[in-house]
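Coordinates in review
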Amino acid sequence: MGFTDTRFNVNLSILFTELPLLERPAAARAAGFTAVELWWPWVDSPVPEQTELEALRAALNDAGTQLVGLNFYAGQLPGPDRGALSVPGEESEKFRANVPVAVEFARSLGCTAFNALYGNRIEGVSEAEQDELALENLAFAARAVAEVGGTLLIEALNAPESPHCPIVSAPKAIEVVDAVNAATGLDNARFLMDLYHLSMNGEDLDEAIDRYTAKTAHVQIADNPGRGAPGTGDLDFTALLGRLKKAGYDGWTGLEYKPGDGPSASAFEWLPAPLRAARS
C-alpha cells in the first residue's frame, strides 16, 4: 500500500480503549502516531471537572500528540445514542452546555475541528421539530467554533447500525452543511466523510469523493465488512485515498476502526511506521 500523501491520526475513543483514557496518548505515540482525535471522552458529563480536563490536556501534551479532532457531547457514544443536539430537553441542553467547554479545551491544544452529531429520531416529537432544534443548535455551535477559527463537522452515519439517525447518507449530510452555512453566513460547516459509514449505506464511494470533497474537512476510515483495519475487508484504500488526494483533499484521515482481537498496537501493520507520524 502507498499512503505517502495521507496525513493520518488515531481515534483514541475506538483504538487503545483497552487502556485508561490518560494512557492512550502515550500508547498512540509509542505506535508512531503524533496526531489523535477523540469522541467526547466523558459520556455522562458534558461539563466535567477542570481537573479532568487538565489531566487529559497534560496527557496529550506529555505524549507529544496533537489533538486534531474532537466530538461535542453526543450522549452514550458508543452505545444507544447517536448524538444529542436534535433531542429536545435535557440532551439538547447538555449539548449547548458542552459547546463552550469543548471549544476552550480544543483551543488550548490547537484543535479547530469539531464533530457535532445530530441525534436519533425520538417518539412523541415531530421530525420537523427535531430538525428545527438541530439547526438552531448547529448554528449556535458554528458561531462558537468560529471564535477560535474552527470548523463544524457534520457526519453521515450508516442506516444498518444507526436506524434511528436521520443523517445516513452523504447527500443528507451535505444538505445539513449547506443549511447551517446559510443560517450563520459563516461558511465554517463542512462534511465529515466517513468512508466506512458510506460503504455500509451502499453508497458509491468514488462518486461521493468526486462530488463532495470540496465540502469535506475531515475523513475517517475503517474497512468493510467488519469495521476493522484496512486490509481486513473489501475496500481499496490505496485507490480511495488516492482519489481523495486527486480531488484536492489534504486534511486529516482519522483511523476509526476496531483493533480486532489483539491489542491496539498490533492493529497498524498495514501502515508502515514512517507514515504514521503527522506531516505538515
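Attention in this report is confined to the structure presented alongside it. (Residues numbered from 1 in each chain as written. Predicted model: local features only at pLDDT ≥ 70, side-chain atom pairs only at ≥ 80, totals over all residues. Heavy atoms only, no water.)

Within the protein chain, the regular secondary structure consists of 8 helices and 8 strands. Whereas a compact globule of 280 residues would reach a radius of gyration of roughly 19 Å, the protein chain reaches 18 Å, a difference of no more than 12%. Overall, the protein chain is about 50 × 45 × 35 Å in size when its C-alpha atoms are taken along their principal axes. When the accessible surface of the protein chain is totalled, it reaches about 11500 Å², and 50% of it is carbon and sulfur. For the protein chain, the separation between the mean place of its 21 positive charges and that of its 39 negative charges on side chains is 6 Å. (Helix = DSSP H or I, 4+ residues; strand = E, 2+ residues; numbered from the N terminus. Rg over C-alpha atoms; globule rule 2.2 N^0.38 Å. Areas by Shrake-Rupley, 256 points an atom, 1.4 Å probe, with all protein chains shown as cover. Lys, Arg positive; Asp, Glu negative; His and termini not counted. Charge placed at Lys NZ, Arg CZ, Asp CG, Glu CD.)

Turning to helix H4 (residues 127-146), a few remarks are in order. Here H4 spans 28 Å end to end across 20 residues, near enough to the 28 Å set by a 1.5 Å rise per residue. For H4, the set of buried residues is Gln 130, Leu 133, Ala 134, Asn 137, Leu 138, Ala 139, Ala 141, Ala 142, Ala 144 and Val 145. The elements touched by buried residues of H4 are helix H3 (90-107), strand E4 (113-115), strand E5 (151-155) and helix H5 (170-184). (Expected span 1.5 Å × (residues − 1). Buried < 20%, exposed > 50% of the residue type's maximum accessible area, 1.4 Å probe, protein only. Contact = heavy atoms within 4.5 Å.)

Turning our eyes to something else, we now look at the sheet that holds strand E6 (residues 189-194). As summarised here, the arrangement of the 8 strands in space is E1-E2-E3-E4-E5-E6-E7-E8, forming a closed barrel in which the pairing is parallel. In this sheet, neighbouring strand axes are inclined to one another by 30° on average, regardless of whether the strands run parallel or antiparallel. Relative to E4, strand E3 (residues 66-71) runs parallel, the two sharing 2 bridges. Opposite Asn 71, over in E4, you have Asn 115 as the bridge partner. (Pairing = 2+ DSSP bridges. Axes fitted to C-alpha atoms, helices over the stretch in contact; angles between N-to-C directions.)

What follows concerns unusual backbone geometry. In this model, Leu 77 is joined to Pro 78 through a cis peptide bond whose omega is 0°. Tracing the backbone shows Pro 78 in the loop between E3 and H3. A cis amide bond links Asn 224 to the next residue, Pro 225, at an omega of 5°. For Phe 16, which is not a glycine, the phi torsion comes out positive at approximately 65°. Phi at Asp 187 is positive, roughly 55°, even though this residue is not glycine. Tracing the sequence through the fold places Asp 187 in the loop between H5 and E6.

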